[in-house]
Structure formats: C-alpha cells, structure tokens
Amino acid sequence: QVQLVESGGGLVQAGGSLRLSCAASGRAFSRYTMGWFRQAPGKEREFVAANTWSGGSTYFADSVKGRYTISRDNAKNTVYLQMNNLEPEDTAVYYCVAKLGQYGSWNYWGQGTQVTVSS
C-alpha cells in the first residue's frame, strides 16, 4: 500500500508554468505506476498523465500533450507533473494516483491540490 500527498498547486497566469509534486509513502515505490487526474468544478474527473515504474513509458491526455511532462524520482519516492503553457482550462483539482504494476484500476488516490490558471 501507499499513501500519496500532493503539493505545488497554486495560482498562475495563463502561459505560465507550475510543477506539482506527489510524495509517496510505502515500500516498493518503483513498482507502482504513477499518474495524475484532475477535476474541475461541475466536470467529470479526467485522466491527465501516467508513467510506469521505470518512467520510460508515459501517457498523456490529448488536452495536455506537448505541454505537460510527468517524471519520477524513485530514490525520493516522488512523482512530478511539470505543467507548461498553462491555460484557464487547466484549472482543476489535481490528484496523484497510483497502482501496483501496469494493469488494473487506480488503487490509491491523494487528497488533491488546487491549480488555478488566470487569464
């Protein structure tokens, strides 16, 4: 099992950048697939990005592809979401998620961190 704590959210102007961090507690962090979801008020929660235990395979939603980067530091048990060229549509609560291995549902969720992009 793993517990996830997000940080790095805040207010940023459109076109700016922000980096979210997700600190994980628990063993075998490197074996977990890590990812990010987001949910805006009144909207359904949507997938943002994910990477495998090695970090070599990454996946992005079309809406963020080319602007976001996901990375991880297994030695620090931390996954990052680098968000560049932010748009007001990126405003949402961002959740760090994890699952053991590559398949199956996302078993672990953080509490979320608010990202607000102003125009």
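Residues numbered from 1 in each chain as written. Predicted model: local features only at pLDDT ≥ 70, side-chain atom pairs only at ≥ 80, totals over all residues. Heavy atoms only, no water.

Draft legend 1. Focus on the overall build of the protein. Helix and strand counts for the protein come out as zero helices and 11 strands. Start at the N end of the protein and walk to the C end: the helices and strands fall as β-β-β-β-β-β-β-β-β-β-β. The C-alpha atoms of the protein give a radius of gyration of 13 Å, which matches the 14 Å a tight globule of 119 residues would have. With respect to the principal axes defined by its C-alpha atoms, the protein has extents near 40 × 25 × 25 Å. Looking at the 119 residues of the protein, the share that counts as buried comes to 42%. For the protein, the proportion of contacts with a sequence separation of at least 24, taken over those separated by at least 6, is 55%. Between the averaged position of the 11 positive side-chain charges in the protein and that of its 8 negative side-chain charges there is a distance of 10 Å. (Helix = DSSP H or I, 4+ residues; strand = E, 2+ residues; numbered from the N terminus. Rg over C-alpha atoms; globule rule 2.2 N^0.38 Å. Buried < 20%, exposed > 50% of the residue type's maximum accessible area, 1.4 Å probe, protein only. Contact = heavy atoms within 4.5 Å. Lys, Arg positive; Asp, Glu negative; His and termini not counted. Charge placed at Lys NZ, Arg CZ, Asp CG, Glu CD.)

Draft legend 2. Summary view of the nonpolar core. Counting residues in each nonpolar core, the largest one holds 28 residues, and the members touching the most others are M34, W36, L81, M83 and Y94. Of all the secondary-structure elements, those providing two or more residues to this core are strand 3 (18-25), strand 4 (32-39), strand 5 (46-51), strand 7 (68-73), strand 8 (78-83), strand 9 (92-100) and strand 11 (113-118). When residues no more than four places from it in sequence are discounted, the contact partners of Y94 are E6, L20, W36, F37, R38, V48, Y68, L81, M83, G112, T113 and V115. (Core = buried A, V, L, I, M, F, W, Y, C linked by side-chain atoms within 4.5 Å.)

Draft legend 3. Expanded view of the pattern of salt bridges. Under the counting rule described, the total for this entry stands at four salt bridges. Salt-bridge contacts for D90 lead to R38; the nearest nitrogen and oxygen are separated by 2.9 Å. In this pair, D90 sits in the loop between strand 8 and strand 9 while R38 sits in strand 4, placing the two residues 52 residues apart along the sequence. Taken individually, D90 and R38 each receive the classification buried, so the pair is uniform in this respect. In this structure, the salt-bridge partner of E87 is R67, at a minimum N-O distance of 3.9 Å. (Salt bridge = Lys/Arg side-chain N within 4 Å of Asp/Glu carboxyl O.)

Draft legend 4. Focus on the environment of R72. Within the secondary structure layout, R72 lies in strand 7. Residue classification places R72 among the buried residues on the basis of a relative accessible area of 15%. Polar side-chain contacts of R72 include one of 2.9 Å to the backbone oxygen of F29. A distance of 2.7 Å separates a polar side-chain atom of R72 from the backbone oxygen of T52. (Polar contact = N/O pair within 3.5 Å; in protein donor to acceptor, adjacent residues only side chain to side chain.)

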